Amino acid sequence: MTTTLPRTAPPAPTLLALAHGTRDEDGIRVVRELTARVRRLRPGTRVELAWLGLVRPTVSEALARLPGPVVAVPLLLARGYHVRTDIPALLTGPDAARVRVAPALGPSPRLAEAAAAQLARAGRPPGPPSSWQPPAPPTPTPGPTPSAPPTCSPPT
């Protein structure tokens, strides 16, 4: 008699967000907030963050803590040097077989849509460039006339 064991599903991959790295605390905070938002949007998916430089955990430190398959998502706007050279160099060795690298975020139509929305919020409505005039500069606050000499009272 042959016994068939039930098949177990392969483990779900961890999403490993790969951020550039910065010394600016606000930049670090923004990337962490983005990663937290991805966690909320993908419940049930483990989402972790690693940095290409300047901040920890590094990519190798993060991979050392992650079991099973990993999908590395570069949080970069273009397919530049980091995507073509740095990231593949960081993913060599024993971890290479279990890591798949997703494309960089850009160029993506969604990034163009986000840029257009930012322009609209800044006062540039949609439409041809010829229909837009920049906002008027702010009205200066009234103050002393620069050409008038300062007045002093004579000493008493």
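Structure's up top.
Structure report, in brief. (Residues numbered from 1 in each chain as written. Predicted model: local features only at pLDDT ≥ 70, side-chain atom pairs only at ≥ 80, totals over all residues. Heavy atoms only, no water.)

### Some points on unusual backbone geometry
This is how the line gets drawn: Helix numbering and strand numbering both begin at the N terminus, where a helix is a DSSP run of H or I of at least 4 residues and a strand a DSSP run of E of at least 2.
Look at the link from arginine 56 to proline 57: it is a cis peptide, with omega at 10°. Positionally, proline 57 belongs in the loop between β2 (47-51) and α2 (59-65). Phi is positive for leucine 54, which is not a glycine, with a value near 70°.

### Regarding the environment of alanine 50
The condition is simple: In what follows, a contact means two residues having at least one pair of non-hydrogen atoms within 4.5 Å.
Structurally, alanine 50 is set in strand β2. Considering only alpha carbons, one finds alanine 50 and glycine 21, 29 residues apart in sequence, at a separation of 8.9 Å. Beyond its immediate stretch of four places on either side in the chain, alanine 50 contacts Leu16, Ala17, Leu18, Ala19, Pro57, Thr58, Val59 and Ala62.

### Some details on the nonpolar core
To keep things clear, this is the line we draw: We define the nonpolar core as a collection of buried residues of types Ala, Val, Leu, Ile, Met, Phe, Trp, Tyr and Cys that are connected through side-chain atoms lying within 4.5 Å of one another. Remark: exposure states derive from per-residue accessible area (1.4 Å probe, protein chains only) relative to the maximum for the residue type, with buried under 20%, exposed over 50%, and partly exposed in between.
Formed by 16 residues in total, the largest nonpolar core has its most connected members in Leu16, Leu18, Val59, Leu63 and Ile87. Contributions of two or more residues to this core are made by β1 (14-19), α2, β3 (70-74) and α3 (81-90). Of all the elements, α2 adds the most residues to this core, at 3 residues. For valine 59, the residues in contact, after removing those within four places along its chain, are Leu18, Ala50, Trp51, Leu52, Leu90 and Leu91. Within the second largest apolar cluster, 7 residues are counted, among which are Ala19, Ile28, Trp51 and Val55.

### Digging into the sheet that holds β3
What counts here: Here the rule is simple: two strands pair whenever DSSP picks up at least two bridges between them. Lines fitted to C-alpha atoms define the axes, with helix axes restricted to the stretch in contact, and inter-axis angles between N-to-C directions lie between 0 and 180 degrees.
Ordered in space as β2-β1-β3-β4, the 4 strands form an open sheet in which the pairing is parallel. Whereas interior strands pair on both sides, the edge strands pair on one side only; in this sheet they are β2 and β4 (99-101). Each adjacent strand pair in this sheet contributes to an overall mean axis angle of 30°, direction not counted. As paired strands, β1 and β2 are joined by 5 bridges and run parallel to one another.

### Quick look at helix α4 (residues 109-121)
For clarity, the threshold we go by: Under the convention used throughout, the expected extent of a helix is 1.5 Å for every residue step, that is, one less than its residue count.
Here α4 contains 13 residues, and its C-alpha end-to-end distance of 19 Å stays within 8% of the 18 Å for a straight helix at 1.5 Å per residue. Where α4 terminates, the next one or two residues include glycine 123, which has phi positive at roughly 105°.

### Some words on the pairing of β2
This is how it is decided: Seen with the strands pointing away from the viewer, any crossover whose path from the first strand over the helix to the second strand runs clockwise is right-handed.
A large share of β2 lies buried, amounting to 4 of its 5 residues. In this fold, the crossover linking β1 to β2 by way of helix α1 (residues 25-41) has right-handed handedness.

### Describing the environment of alanine 62
Inspection of the secondary structure assignment puts alanine 62 in helix α2. Taking the relative accessible area as the measure of exposure, alanine 62 reaches 2% and is therefore buried. Leave out the neighbours within four places in its chain, and alanine 62 touches Leu16, Leu49, Ala50 and Pro57.

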